Amino acid sequence: MANKEFKVPPVAFPTAGNPAAAVPNLQQRRVPTPPFQPNSGIPFMSFDIGSAAASTSSGAIYTGPAVGGGSASFDDEEPLLDELGIHPDQIWSKIRSVLNPFRVNHAVHKDSDLSGPILLYMAFCLFQLLAGKIQFGVILGWIVVSSIFLYVVFNMLAGRTGNLDLHTCTSVVGYCMLPVVIYSALSLFLPVDGVIRLSVAAVFVLWAMRASTGLVVSLADGGDEHRGLIAYASFLIYTLFSLLVIF
């Protein structure tokens, strides 16, 4: 059997002839290539720390729009309570005017609001909750019905000359609930059954009735002619609220 010979091309090694000539070639192969930079203008997109530091030091950092030169600032903004229509000074003035039933300052109640009545409503519900009575919906419903009742009664009595709107009625009924709220707080320390509890309730109901009657008569035209009927309607309203505290 004849032997076959395969022709193999000679392999030339560069280090065989001149070893010093291969050293630059080896160093050239080991030089790392720069990383891929999709956008060289953005430093944080680069993985090269050195190039990012150089680009950051060379360019200015964006710090947001400059305040001034005609632009608005937060110092010029109104307080949040004023934007919502809540004025604590007016609320305190109205509450303080109800504290004296014999000299109610009706001038501060001309600008009616619902912030104070909501505050007194929450206080009333809280004291009832401390007494073990969950009556949030009941109290809110009675306030709405009482405001509509007083509005209808007065406008039926005054006729065409009646200028008392429903918003003012709701504000008056809400602010004059202050005596009932105080009574609900005191009832936590009074005996459950007895004449003392009923006597204290009668005093606070008369207090609320007098304050409410004085405000309605002062704020509406022609109310002085029907003071007795307005006082009777107010007496019924705050008697119902006192019954929630008693029972």
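Our subject is the structure listed above.
Residues numbered from 1 in each chain as written. Predicted model: local features only at pLDDT ≥ 70, side-chain atom pairs only at ≥ 80, totals over all residues. Heavy atoms only, no water.

S.K.: So, a negative patch on the surface: which residues are in play, and what are the values?
M.R.: A grouping of Asp76, Glu77, Glu78, Asp82 and Glu83 is seen on the molecular surface, where their side chains present a negatively charged patch. With a relative accessible area of 47%, Glu83 lands in the partly exposed category. (Patch = residues over 30% accessible without salt bridge, like charges linked within 9 Å, V, L, I, M, F, W, Y side chains within 5 Å. Areas by Shrake-Rupley, 256 points an atom, 1.4 Å probe, with all protein chains shown as cover. Salt bridge = Lys/Arg side-chain N within 4 Å of Asp/Glu carboxyl O. Lys, Arg positive; Asp, Glu negative; His and termini not counted. Charge placed at Lys NZ, Arg CZ, Asp CG, Glu CD. Buried < 20%, exposed > 50% of the residue type's maximum accessible area, 1.4 Å probe, protein only.)

S.K.: Let's hear about a nonpolar patch on the surface: which residues, and what values?
M.R.: Taken together, the side chains of Leu114, Ile118, Met122, Leu126, Leu129, Leu130, Ile134, Phe136, Leu188 and Phe189 define a hydrophobic patch exposed on the protein surface, amounting to about 1000 Å² of accessible area. No other element matches helix 6 (residues 115-130), which puts five residues into the nonpolar patch. By secondary structure assignment, the location of Leu130 is in helix 6. On the basis of relative accessibility, which here comes to 58%, the residue Leu130 falls in the exposed class. (Helix = DSSP H or I, 4+ residues; strand = E, 2+ residues; numbered from the N terminus.)

S.K.: Give a description of the pattern of salt bridges that names residues and reports values.
M.R.: Inspection of the entire model under this criterion finds two salt bridges. In this structure, Lys94 and Asp113 form a salt bridge, with 2.4 Å as the shortest nitrogen-oxygen distance. Placement of Lys94 in helix 5 (residues 88-98) and of Asp113 in the loop between helix 5 and helix 6 is noted, with a sequence separation of 19 residues between them. Asp113 matches Lys94 in its accessibility class, with the two residues each being buried. Among the ionic pairs, Asp224 bridges to Arg227, the shortest N-O distance being 3.4 Å.

S.K.: Tell me about the side chain of Ser97, residues and numbers included.
M.R.: As for its position among the elements, Ser97 is in helix 5. In terms of polar contacts, Ser97 uses its side chain to reach the side chain of His109, at 2.8 Å. If sequence neighbours within four positions are ignored, Ser97 has contacts with Arg103, Val104, Asn105, Val108 and His109. (Polar contact = N/O pair within 3.5 Å; in protein donor to acceptor, adjacent residues only side chain to side chain. Contact = heavy atoms within 4.5 Å.)

S.K.: Please provide a residue-by-residue account of the layout of surface pockets, values included.
M.R.: Considered as a void within the structure, the largest pocket measures approximately 220 Å³ in volume. Lining the largest pocket are 15 residues, with Pro101, Arg210, Thr213, Gly214 and Arg227 positioned closest to its centre. Those elements giving two or more residues to the lining of the largest pocket turn out to be helix 10 (195-219) and helix 11 (227-246). Per-element accounting of the lining of the largest pocket gives the leading share, eight residues, to helix 10. Looking at the lining of the largest pocket residue by residue, the classes come out as eight nonpolar, four polar and three charged. For the second largest pocket, the calculated volume is near 190 Å³. Lining the second largest pocket are Leu114, Pro117, Ile118, Tyr121, Leu140, Ile143, Val144, Ser147, Ile148, Leu166 and Thr170. Broken down by secondary-structure element, the contributors of at least two residues to the lining of the second largest pocket are helix 6, helix 7 (136-158) and helix 8 (166-175). Broken down by element, the lining of the second largest pocket gets its largest block of residues, five residues, from helix 7. (1 Å grid on protein atoms, 1.4 Å probe; cavity = no way out; pocket = protein on both sides within 12 Å on 5 of 7 lines; lining within 4 Å. Points joined across faces, edges and corners; volume = space filled by probe spheres on them. Nonpolar A, V, L, I, M, F, W, Y, C, P; charged D, E, K, R; others polar.)

S.K.: Pulling in residues and values, what's your account of the side chain of His109?
M.R.: With respect to the element layout, His109 can be found in the loop between helix 5 and helix 6. With a relative accessible area of 2%, His109 lands in the buried category. If we skip the residues at most four places from it in the chain, His109 touches Lys94, Ser97, Val98, Tyr175, Leu215 and Leu219.

S.K.: Residue-level account of the environment of Ala107, with values.
M.R.: With respect to the helices and strands, the residue Ala107 is situated in the loop between helix 5 and helix 6. Linking Ala107 and Lys94, residues 13 residues apart in sequence, is a C-alpha distance of 9.3 Å.

S.K.: Go over the packing of aromatic side chains with me, naming the residues and quoting the values.
M.R.: The full count for this structure, using the stated rule, is five aromatic pairs. Taking the centre distance of 6.2 Å and the plane angle of 65 degrees together, the rings of Trp142 and Phe241 count as edge-to-face. Residue Trp142 is located in helix 7, and its partner Phe241 is located in helix 11; the two are separated by 99 residues in the primary sequence. On the accessibility criterion, Trp142 (30% relative accessible area) is partly exposed. For Phe241, a relative accessible area of 0% corresponds to the buried category. With a centroid separation of 6.4 Å and an interplanar angle of 40 degrees, the aromatic rings of Tyr238 and Phe241 are classed as tilted. Linking Tyr238 with Phe241, this pair stays in helix 11, spanning three residues, or about one helical turn. Each member of the pair, Tyr238 as well as Phe241, is classed as buried. By way of ring pairs, the aromatic residues Phe124, Trp142, Tyr238 and Phe241 are connected into one cluster. (Phe/Tyr/Trp six-rings, centres within 6.5 Å; stacked < 30°, edge-to-face > 60°.)

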